[in-house]
Amino acid sequence: MATHAPRRLGFTLVELLVVIAIIGLLVALLLPAVQKARENGRQLQCLNNIKQLATAAISHDSSKGQLPGLSQFVKRQGNAGNYANVDYSTADRKFTVITTSATTPSQLAKVFGLSWAAVLLPRLERGDIWDSIVQPPDLSIPVPMPAIDVFVCPSDTDVLTQPEVAGLTYSVNSGAWDRDGNNFLYKTGTGDTIDNGVFFDLAQYARQSPPAKAPVMRIGNIKDGAGTTLLIAENVHKTYVSSSNAPIFSWLAGGEYIVSGSGFKHSPISSEQELGFVWVVPPGGKTSPDPGDTMNSQERINGNINQLADFDPTIPRFARPASNHGGGANVAFCDGHGQYLRETIDYIVYQQLMTPNGRKCVDPMDHTVATGAIQAFRNAPPLAEKDFN
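Residues numbered from 1 in each chain as written. Predicted model: local features only at pLDDT ≥ 70, side-chain atom pairs only at ≥ 80, totals over all residues. Heavy atoms only, no water.

1. Considering the overall build of the protein
No. 1: From N to C terminus, the protein includes ten helices and 14 strands.
No. 2: Evaluated residue by residue, the protein yields a buried proportion of 50% over its 389 residues.
No. 3: In the structure as shown, the protein presents an accessible area of about 17700 Å², 55% of it carried by carbon and sulfur atoms. (Helix = DSSP H or I, 4+ residues; strand = E, 2+ residues; numbered from the N terminus. Buried < 20%, exposed > 50% of the residue type's maximum accessible area, 1.4 Å probe, protein only. Areas by Shrake-Rupley, 256 points an atom, 1.4 Å probe, with all protein chains shown as cover.)

Below is the structure:
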């Protein structure tokens, strides 16, 4: 009678290990593709956010006859001298809006100018938040400000890990760097101009004694073409927490917040690092700045950063586009279209994209200077699409 070997019903250990190895290999091969697909989705959502913000800014320009300021004072209901001001609750780490009475430039020095992002709230379908800023039911009660999705890139991990701070990924084109250390340049023959950029710190002009006249910018004044003038860019390198573990800014306002003893105070100095991105006039006839820690220093797009150690609101080092997408950053132009700006872009091309009238750009330190970098900027050939695509 014929005999048969017993039928094997399971896997051997070797076969099981082979299957596990094959599965592991497939996962290793597929995971980068999945992660890349997810990042592509986040990058697309970020670009959509920027285009929404650009559309809101263009709508504001059409309605009000000018673009918002980088920051500006906003009045609240009640007495004519009531202004919306910014405070911070150390207990729950939330920015709040309070009321401050101010009638003189010296009193306004203690009031924060609200950001361009805050001013756009009514055109971003968040009129409820704007009303709570300008028309609260009770002026004596601080109003906490929430995180807002359209203000945050989904790849901005710095913001996403601390949503209670109500962060802001995006910055606006605020022209040439217009500070000399702690000094804001605004007098005749110095400062920024409508040929240099698009958004200006209106609050800084109002704080001067006597108040100075701020540049008024609208999209119709752009000489170099709205489609080739930057409006908004992402910048994930803006720091939110200082070395003293105090937040520096939110979408509500930029400035400087200081821990003092057991309490908390604020000093509304330059907000250009937090709310804007700039171009720099490098010294010594150079056409692009070197990285460093001076008022003439600026990292390249997506350049290196050590936030807690190196962030300083009085220098422009990190006031430029930066993203976590790799290879560049999302931007929107003054005609509303968005695109990905590569990080290898030539600095003169970057400056041309920022200046609404590059042929008449000026050095904020001295408008009469027409040599070195300013000469190179003015004499650069007209932009071609290949220069920045």
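Now that the structure is up, let's keep going.
2. Points about the side chain of Q298
No. 1: Take Q298: it is sitting in the loop between β12 (276–279) and α8 (307–310).
No. 2: There is a polar contact of 2.9 Å between the side chain of Q298 and the backbone oxygen of V278.
No. 3: Ignoring anything within four residues of it in the chain, the contact list for Q298 reads V278, W279, V280, P289, D290, P291, P316, R317, A319, R320, Y347 and Y350. (Polar contact = N/O pair within 3.5 Å; in protein donor to acceptor, adjacent residues only side chain to side chain. Contact = heavy atoms within 4.5 Å.)

3. Section: helix α10 (residues 372–379)
No. 1: Within α10, burial applies to A373, I374 and F377. Viewed along the axis of α10, the buried residues span an arc of 100°, placing them on a single side of the element.
No. 2: Where α10 is buried, its residues meet β12 and α9 (347–354). (Arc of directions from axis to C-beta.)

4. Quick notes on the pairing of strand β13 (residues 328–333)
Regular strands place side chains that alternate from one sheet face to the opposite one.
No. 1: Counting buried residues along β13, six of its six residues qualify, which places the element largely inside the surrounding structure.
No. 2: Bridge analysis of strand β9 (residues 230–234) against β13 gives three bridges, and the strand direction is antiparallel. Bridged to A233 within β13 is V331.
No. 3: What sits between the antiparallel neighbours β13 and strand β14 (residues 338–342) is a turn of four residues, in which G336 has the positive phi angle 100°. (Pairing = 2+ DSSP bridges.)

5. Points about the pattern of salt bridges
No. 1: All chains considered together, the criterion is met by seven salt bridges.
No. 2: As a salt-bridge pair, R126 and D128 come within 3.0 Å of each other at their nearest N and O atoms.
No. 3: Overall, the relative accessible area of 48% leaves D128 in the partly exposed class.
No. 4: Through salt bridges with shared partners, one network takes in D293, E299 and R317. (Salt bridge = Lys/Arg side-chain N within 4 Å of Asp/Glu carboxyl O.)

6. A closer look at the packing of aromatic side chains
No. 1: Taken as a whole and judged by the stated rule, the model has nine aromatic pairs.
No. 2: Taken together, a centroid distance of 6.1 Å and an interplanar angle of 15° make the contact between F184 and Y186 stacked.
No. 3: Seen in terms of ring centroids, F333 and F388 are 6.0 Å apart; in terms of plane orientation they differ by 45°. Their pairing is tilted. With F333 in strand β13 and F388 in the segment after α10, this pair connects stretches of sequence that are 55 residues apart.
No. 4: One aromatic cluster is present, formed by W279, Y347, Y350 and F377 through successive ring pairs. (Phe/Tyr/Trp six-rings, centres within 6.5 Å; stacked < 30°, edge-to-face > 60°.)

7. With respect to the sheet that holds strand β3 (residues 94–101)
No. 1: Taken together, the three strands give an open sheet; going across it, the order is β2-β3-β5, and neighbouring strands pair in antiparallel fashion. Of all strands in the sheet, those bounded by a partner on one side alone are β2 (82–89) and β5 (143–144).
No. 2: Pairing analysis gives two bridges linking β3 to β5, with the strands arranged antiparallel. By the bridge assignment, T96 is partnered in β5 with P144.

8. A short note on the side chain of S155
No. 1: Summarising the element assignment, S155 is placed in the loop between β5 and α5 (157–160).
No. 2: The class of S155 is buried, set by a relative accessible area of 6%.
No. 3: Within polar-contact distance, the side chain of S155 engages the side chain of R42 at 3.4 Å.
No. 4: Residue contacts for S155: discarding those within four places in its chain leaves E39, R42, N324 and H325.

9. Remarks on α9
Helical periodicity: at 3.6 residues per turn, an α-helix aligns residues three or four positions apart in one direction.
No. 1: Burial of α9 is extensive: eight of the eight residues sit out of reach of the surface.
No. 2: Of all the positions in α9, only Y347, I348, V349, Y350, Q351, Q352, L353 and M354 are classed as buried.
No. 3: Among the structural elements, β6 (170–176), β9, β12, β13, β14 and α10 are those in contact with the buried residues of α9.
No. 4: For α9, the N-terminal capping position is held by D346, with its side-chain oxygen 2.9 Å away from the main-chain nitrogen of I348.

10. Some details on the nonpolar core
No. 1: Judged by nonpolar contacts, the single largest core of 57 residues is most densely connected at W116, I133, F151, L231, W251 and L252.
No. 2: Of all the elements in the fold, those that place two or more residues in this core are α1 (13–64), β2, β3, α3 (116–119), α4 (127–134), β6 and β9.
No. 3: For this core, the leading source of residues is α1, giving six residues.
No. 4: In this view, L252 contacts V86, F95, T96, V97, L114, S115, A118, I133 and M145; residues no more than four positions away in its chain are not counted.
No. 5: Counting residues in hydrophobic clusters, the runner-up holds 28 residues, among them L230, W279, V280 and A373. (Core = buried A, V, L, I, M, F, W, Y, C linked by side-chain atoms within 4.5 Å.)

11. Notes on unusual backbone geometry
No. 1: Here the bond from S209 into P210 is cis, since omega is 0°, no more than 30 degrees from zero.
No. 2: Counting through the fold element by element, P210 comes out in the loop between α6 (202–207) and β9.
No. 3: One non-glycine residue, A166, lies in positive phi territory at about 55°.
No. 4: Phi is positive for N302, which is not a glycine, with a value near 65°.
No. 5: On the secondary structure map, N302 appears in the loop between β12 and α8.
No. 6: What makes N302 buried here is its relative accessible area of 14%.

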